[in-house]
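Here is what each chain is made of, one letter per residue.
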Amino acid sequence: MEIGSLFLKSTLTGIITFPELDWITTHQSDFTRLEESVAIKLGRMLDSGSINIGCRLNS
């Protein structure tokens with residue numbers, strides 16, 4: 001998994017899952033500065049309600 005593709009998927013669907021959040025926290029020590037800024041942006045979007053924690057259903 002990459003933080004960039006996770007960011008795009010989360011902004012497109014408006015949802016981030018618990019396993020994805022777990023992946024971010026597990027790998028945050030390995031992030032570059034750019035990846036850190038994307039993770040911070042995801043956190044701010046969660047705080048503002050732009051994206052929500054949930055699950056994605058396959059159609």
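**Examining the environment of proline 19**
(1) Moving on: Checked against the element boundaries, proline 19 lands in helix 2 (residues 18–27).
(2) Moving on: As for proline 19 and phenylalanine 31, which are separated by 12 residues in sequence, their C-alpha atoms are 17 Å apart.

**Observations regarding the pattern of salt bridges**
(1) Moving on: Counted under the stated rule, the structure contains 1 salt bridge.
(2) Moving on: In this structure, glutamate 20 engages lysine 9 in a salt bridge whose closest nitrogen and oxygen atoms are separated by 3.5 Å. Of this pair, glutamate 20 sits in helix 2 while lysine 9 sits in helix 1 (residues 3–13), and the two are 11 residues apart along the sequence.
(3) Moving on: Accessibility expressed as a relative area gives 40% for lysine 9, which makes it partly exposed.

**Comments concerning the nonpolar core**
(1) Moving on: By size, the foremost hydrophobic cluster in this structure holds 10 residues: Ile3, Leu6, Ile16, Trp23, Ile24, Phe31, Ala39, Leu42, Met45 and Ile51.
(2) Moving on: Sorting the residues of this core by element identifies helix 1, helix 2 and helix 3 (33–48) as the ones contributing at least two each.
(3) Moving on: Element by element, the count of residues in this core is highest for helix 3, at 3 residues.
(4) Moving on: Ignoring sequence-local partners within four residues, the contact set of leucine 42 consists of Ile3, Phe7, Ser10, Ile16, Ile24 and Ile51.

About the criteria used
Sequence positions are assigned chain by chain, starting from 1 and proceeding in written order. Local features in this predicted model are restricted to residues of pLDDT 70 or higher, and side-chain atom pairs are both shown and tallied only at a pLDDT of 80 or more, whereas totals for entire chains, interfaces and linings draw on every residue. Note that water and hydrogens are dropped before the side-chain values are worked out from all heavy atoms of the structure. Note on conventions: DSSP H or I runs of at least 4 residues are helices, E runs of at least 2 residues are strands, and numbering of each starts at the N terminus. Definition used for salt bridges: Asp or Glu carboxyl oxygen within 4 Å of a side-chain nitrogen of Lys or Arg. The buried label applies to any residue whose accessible area, calculated with a 1.4 Å probe on protein chains only, is under 20% of its type's maximum; exposed applies above 50%, and partly exposed to all values in between. Nine residue types can take part in a nonpolar core, namely buried Ala, Val, Leu, Ile, Met, Phe, Trp, Tyr and Cys, and a core is a set of them joined through side-chain atoms within 4.5 Å. Whether two residues touch is decided by their heavy atoms; if any such pair falls within 4.5 Å, the residues are in contact.

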